[in-house]
There are 2 protein chains.
Amino acid sequence: MKNRTITFKTPISIQETATIAGPKEGAGPLKDYYHNILENDVLGQKSFESAEIKIHTYTIKHMLNRAKLKENDIDCVFCGDLLDEIIGCNYTMREFDIAFMGLYNACATFGEALILGATMLDAGHMEKVICSTASHFSSAERKFRYPLELGSQRTPLSQWTVTGAGSTLLSKQDVSKIKITMATVGRVVDYGVSDANDMGAAMAPAAMDTLIAHFRDTGRKPDYYDLIATGDLGHSGSRLLQKLIKEKNIELNDNYTDCGILVYNRESQDVQQGGSGTGCCSLVFNSYIYTQLKRGKYKKILLVPTGALVSKISSLQGETIPAIAHAVAIEVL
Amino acid sequence: MKNRTITFKTPISIQETATIAGPKEGAGPLKDYYHNILENDVLGQKSFESAEIKIHTYTIKHMLNRAKLKENDIDCVFCGDLLDEIIGCNYTMREFDIAFMGLYNACATFGEALILGATMLDAGHMEKVICSTASHFSSAERKFRYPLELGSQRTPLSQWTVTGAGSTLLSKQDVSKIKITMATVGRVVDYGVSDANDMGAAMAPAAMDTLIAHFRDTGRKPDYYDLIATGDLGHSGSRLLQKLIKEKNIELNDNYTDCGILVYNRESQDVQQGGSGTGCCSLVFNSYIYTQLKRGKYKKILLVPTGALVSKISSLQGETIPAIAHAVAIEVL
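These numbers come from a predicted model, not from an experiment.

Asks: Can you tell me about helix α4 (residues 109–122) of chain A, naming the residues and giving the values?
Replies: Residues and elements named next belong to chain A. With 14 residues, α4 extends 19 Å from end C-alpha to end C-alpha; this agrees with the ideal 20 Å at 1.5 Å per step. Extensive coverage of α4 is indicated by the burial of 14 of its 14 residues. Positioned one or two residues after α4, G124 has a phi angle of 85 degrees, which is positive.

Given below as structure tokens:
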């Protein structure tokens, strides 16, 4: 099998992170870890798309402030979102005098951004880059599913798109003990799931494919990591992943979870299978997981953002849902 | 000013290219340079989007055949297109057992792909990657403008989205004299153009911004290059670029052209300002320009793919059109 895992010659420092969480996310179990929580998710904008742009813009600006850096200190921003033509990122990046690489691997985009950003630093071509993704429940819901005004009933296997953004500042310099050490690049996997309301089932096989490649390429076992966190498989998707990968003789047990599970309280927040969206794993990683890495609770984690490569048109044209997942190993060295 | 130019430590070899042109493109001035020309642009598919996927898939397969390589020889494909969620690439990559990085910088995506692909090789993480983009007139027209069935009259400043795809195989090994030596990464530029039928005017300032950065960072002058080719500014956009950049004391003269100008015969093909689309510069570069590099007609070229970062929603919401351009220096060494 082809090796799909990159080992960075110089482990890449995570210098700083920043997050903004929506009101629902801010009322969830991770509320104490977010850098900012919105009181309302429209921010006085005329559209949900404009609100998403504001959230993403403020997140990047907030991180520059936290890191005491100016735009001119950043070589490039690698970012993406769920909107058509990643239009949110396009307008977000209009606010910054920084080079821009637009990415789209759906909800796996944050993993793609970390891999490409770290590679650019590892190649010695840049000094500091920002990897960032955002999503907004209301802009995603009306884009991929139904107008909110319809008040459509949500199906049992659906997930709740996270309103929020998370940004990670990577540095070529050895400025932090928390490093990106390895990454496994995903490929497109399609098991024939066609229910656009069951993204977890569509993405679980892609997560399995990338995890198997990661363990095969690195010789590591799941228990090497203190935490293995998929991006947004949600409750049912995560169980499906554990079931599928067990058939391949790999056990994901107590050290495995999913950012879409962590972000909401399923009992009290009525989110069906949990969180999803390009902002899901970037919000959770850049707040809760990064904090636990700093505190030493975790020393070795594997972040596996998962993306359903679907569009509203492809679903209407009767296509199945391909998916992809990228794995990024982050370790305290 | 911030340096935005990358110099590859080891110039990256362009090992092979492949192109498929639509019928209209195949009747244009570059017909003798395309590897394949379609007799019809639907390929027996149920939708234009499905046809675009076939075109892109066949282009990548054709290049693997030309290079006598198997999927397992390729480390990653960096690709993008104009469809929502780059859905064309998602389904194209479902056909290949190869790692996938989805990109979106609109019609500048081919430049982004060359930069990120070359960086991945320069970092030593991969051996061979494919950079590829595609577009289809009919899928783009009904997505960004009007249903074809409306038979809407085209405005004088509009451009014709290229039906076609172009793929470039990059190799870490020194297998070709034709190398990617440098690249200048673009940033988002918005001069306030809001006419979605005048993309050339929206993109020209971005091309200027990147060209100025490239000449500033490298100390090179326009006459260093045998050819400077922007991606898809078209006739009016190219003239606008020349006018704008002249005010900055940079002259783009006889060695300057635009892939959107080269791809059609304006007099006989009724394409208003010329070609556009993510497939425009990848089709022209991977056929005509690459052939001229092999023949020695050109020894130093600067390819500047240009992208209008617009969506149909952003236009309807009254937004202006941000744009971006990436510059890639390709030289015979």
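Asks: Now, about the interface of chain B and chain A: what can you tell me, with residues and values included?
Replies: Taken together, the contacts link 61 residues of chain B with 61 residues of chain A. Summed over both partners, the interface of chain B with chain A buries about 4,800 Å², with 57% contributed by carbon and sulfur atoms. In terms of surface lost to chain A, no three residues of chain B exceed K2, E85 and H125 of chain B, which account for 14% of the buried area on that side. Remark: the boundary between chain B and chain A carries twelve salt bridges. Here the side of chain B that touches chain A is composed, by residue class, of 29 nonpolar, 14 polar and 18 charged.

Asks: Just give me the short version of the layout of surface pockets, but keep the residues and values in it.
Replies: Counted as a void, the largest pocket has a volume near 520 Å³. Taken together, 26 residues form the lining of the largest pocket, with Q317 of chain A together with S47, E49, S50 and I53 of chain B sitting closest to its centre. Of all the secondary-structure elements, those providing two or more residues to the lining of the largest pocket are α11 (312–316) of chain A together with α2 (48–66), α3 (87–94) and α5 (137–144) of chain B. Of all the elements, α2 of chain B adds the most residues to the lining of the largest pocket, at seven residues. Split into classes, the residues belonging to the lining of the largest pocket amount to six nonpolar, nine polar and eleven charged. The volume enclosed by the second largest pocket comes to roughly 350 Å³. Lining the second largest pocket are 20 residues; nearest its centre among them are Q45, S50, I53 and R94 of chain A together with E319 of chain B.

Asks: Talk me through the packing of aromatic side chains; I want residue IDs and the actual numbers.
Replies: Enumeration according to the criterion identifies ten aromatic pairs over all chains in this entry. Measuring from centroid to centroid gives 5.0 Å for Y224 of chain A and Y225 of chain A, while their planes differ by 80 degrees, and the two rings are edge-to-face. Given a relative accessible area of 26%, Y224 of chain A falls into the partly exposed group. Look at F285 of chain A and Y290 of chain A: their rings are 6.5 Å apart centre to centre, the planes differ by 55 degrees, and that puts the pair in the tilted class. For the residue pair F285 of chain A and Y290 of chain A, the accessibility class agrees, reading buried in each case. Through successive ring pairs, a cluster of aromatic residues spans F110, F285 and Y290 of chain A. Above the plane of the ring of Y224 of chain B lies K300 of chain B, whose end atom (NZ or CZ) is 4.4 Å from the centre.

Thresholds applied
- Residues numbered from 1 in each chain as written.
- Chains lettered and ligands numbered in written order.
- Predicted model: local features only at pLDDT ≥ 70, side-chain atom pairs only at ≥ 80, totals over all residues.
- Heavy atoms only, no water.
- Helix = DSSP H or I, 4+ residues; strand = E, 2+ residues; numbered from the N terminus.
- Expected span 1.5 Å × (residues − 1).
- Buried < 20%, exposed > 50% of the residue type's maximum accessible area, 1.4 Å probe, protein only.
- Contact = heavy atoms within 4.5 Å.
- Buried area = accessible area lost by both parts, 1.4 Å probe.
- Salt bridge = Lys/Arg side-chain N within 4 Å of Asp/Glu carboxyl O.
- Nonpolar A, V, L, I, M, F, W, Y, C, P; charged D, E, K, R; others polar.
- 1 Å grid on protein atoms, 1.4 Å probe; cavity = no way out; pocket = protein on both sides within 12 Å on 5 of 7 lines; lining within 4 Å.
- Points joined across faces, edges and corners; volume = space filled by probe spheres on them.
- Phe/Tyr/Trp six-rings, centres within 6.5 Å; stacked < 30°, edge-to-face > 60°.
- Lys NZ or Arg CZ within 6 Å of the ring centre and 35° of its normal.

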